[in-house]
Amino acid sequence: MKKISILFVSVLLLSSCVSKKKYVALEEENGQIKSELTKTRVEKEELENKFAAIEARVNEYNAKIQSLNQDVEGLTIENEAKFEVNEDGTVMSGMSKQKMLETLDKVDPEKLAKAKTLKDSMNLAVQYNLSKAIDTSDLDEDEDLVVDINETVVMISIADDMLFNTGSYRVSNKADKILKKLADVINSEPSLDVMVEGHTDSRSINTAKIQDNWDLSVLRATSVVRKLQKQFKVAPEQLIASGRSSYQPLVDNDSKENRAKNRRTRIILMPNIDKFFALMEAN
């Protein structure tokens, strides 16, 4: 009996000893798992922080690239819009040159062949844009409608018989088409100033209503200005009327043909060339 009791106690002690070892081992294993989990969490946080930093740098680079693209685009536009003074004194930008070239593609090759300078080409392009809306079948475009560009000023010279009857200062109805075209351009740009100049030949005139060529040139200018204002709704503050009498002739007044050339009305538009080309295309 005594032997059996000793054996039972020994078994109990042995069992207790094995369970404790397993417990300690499990505790150690649990500690390692917790340590590895903590390490994994730390590594995960570090990776997340690194990813966030990389993402921030990518966004920063993208923003810089976008800014550079905008700068390049802005510089391109600025360069195209930049004015240059050409050898012949004309002033125009890259955009205007491009528009001018597009217009010249439509111009009669024979006329284009006569353009020897950039200024000639500009005049030809402006004249084409101006005349395409006007019936020019019954007039000599080389003499009845002359366009000239001097720096940023556009000067349109219209023959006397296109606007007035002989010796009269009343604007005839046949002038409506060209004046309507000009009015559309003027009305499209409120900042545009427009001077209308009357010019006569050297023959003297004296009637009940007209004292001399000064009177006639000014009266013709004011008649055109009134028609632009009243019939075509041009703002009067944009208009200037002036007369030159016979003192700025184009040619000598020594023949009927030359006197006809000197009798003219000159309409001077004062925008920059970019705006003028844009307005002519829009209208």
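See the structure printed just above.
What counts as what
- Residues numbered from 1 in each chain as written.
- Predicted model: local features only at pLDDT ≥ 70, side-chain atom pairs only at ≥ 80, totals over all residues.
- Heavy atoms only, no water.
- Helix = DSSP H or I, 4+ residues; strand = E, 2+ residues; numbered from the N terminus.
- Buried < 20%, exposed > 50% of the residue type's maximum accessible area, 1.4 Å probe, protein only.
- Contact = heavy atoms within 4.5 Å.
- Areas by Shrake-Rupley, 256 points an atom, 1.4 Å probe, with all protein chains shown as cover.
- Expected span 1.5 Å × (residues − 1).
- Polar contact = N/O pair within 3.5 Å; in protein donor to acceptor, adjacent residues only side chain to side chain.
- Phe/Tyr/Trp six-rings, centres within 6.5 Å; stacked < 30°, edge-to-face > 60°.
- Pairing = 2+ DSSP bridges.
- Right-handed = clockwise from strand over helix to strand, strands pointing away.
- Core = buried A, V, L, I, M, F, W, Y, C linked by side-chain atoms within 4.5 Å.

**Q** Please provide a residue-by-residue account of the overall build of the protein, values included.
**A** Looking only at helices and strands, the protein has 10 helices and 7 strands in total. Put simply, the protein has 283 residues, and 33% of those count as buried. Contacts spanning at least 24 positions in sequence make up 65% of the contacts within the protein whose residues lie at least 6 apart. Here the protein has roughly 18,100 Å² of accessible surface; of this, 54% comes from carbon and sulfur atoms.

**Q** Which residues make up helix 8 (residues 213–230), and what values go with them?
**A** In a regular helix each residue adds 1.5 Å, so 18 residues correspond to 26 Å; helix 8 covers 25 Å between its end C-alpha atoms and thus fits that length. Within helix 8, burial applies to Asn 213, Leu 216, Ser 217, Arg 220, Ala 221, Thr 222, Ser 223, Val 224, Val 225, Lys 227 and Leu 228. Looking at the buried positions of helix 8, the neighbouring elements they touch are helix 6 (160–163), helix 7 (176–187), strand 5 (194–199), strand 6 (239–243) and strand 7 (264–269). For helix 8, the N-terminal cap is Asp 212; the gap from its side-chain oxygen to the backbone nitrogen of Trp 214 is 3.1 Å.

**Q** Could you give an account of the packing of aromatic side chains, with specific residues and numbers?
**A** The full count for this structure, using the stated rule, is 1 aromatic pair. Measuring from centroid to centroid gives 5.5 Å for Trp 214 and Tyr 247, while their planes differ by 35 degrees, and the two rings are tilted. Separated by 33 residues along the polypeptide, Trp 214 in helix 8 and Tyr 247 in the loop between strand 6 and helix 9 (256–262) bring together distant segments of the chain. Owing to a relative accessible area of 41%, Trp 214 belongs among the partly exposed residues under this scheme. Residue classification places Tyr 247 among the exposed positions, given a relative accessible area of 59%.

**Q** An account of the side chain of Thr 200 is requested, with residue identities and associated values reported.
**A** The topology assignment puts Thr 200 in the loop between strand 5 and helix 8. At a separation of 3.5 Å, a polar atom in the side chain of Thr 200 contacts the main-chain amide nitrogen of Ser 246. Excluding residues within four positions of it along the chain, Thr 200 makes contact with Asn 213, Leu 216, Ser 217, Ser 245, Ser 246, Asn 262 and Arg 263.

**Q** Tell me about the pairing of strand 5, residues and numbers included.
**A** With 5 of 6 residues buried, strand 5 lies mostly within the body of the structure. The pairing of strand 5 with strand 6 spans 5 bridges and is parallel. Across the sheet, Glu 197 pairs through a bridge with Ser 242, a residue of strand 6. As for the winding sense of the linkage, the β-α-β connection from strand 5 through helix 8 to strand 6 is right-handed. As judged from the 6 bridges shared by strand 5 and strand 7, these two strands associate in the antiparallel manner. Note on strand 7: the bridge partner recorded for Val 194 is Leu 269.

**Q** Now, about the nonpolar core: what can you tell me, with residues and values included?
**A** Counting residues in hydrophobic clusters, the biggest one holds 27 residues, and the most contacted among them are Ile 158, Ile 178, Leu 179, Val 224, Leu 228, Ile 267 and Leu 269. Listed by contribution, the elements that provide at least two residues to this core are strand 4 (153–159), helix 6, helix 7, strand 5, helix 8 and strand 7. Top element by residues in this core is helix 7. It accounts for 5 residues. Among the nonpolar cores identified, the runner-up in size contains 6 residues, and Met 100, Leu 104, Val 107 and Met 122 belong to it.

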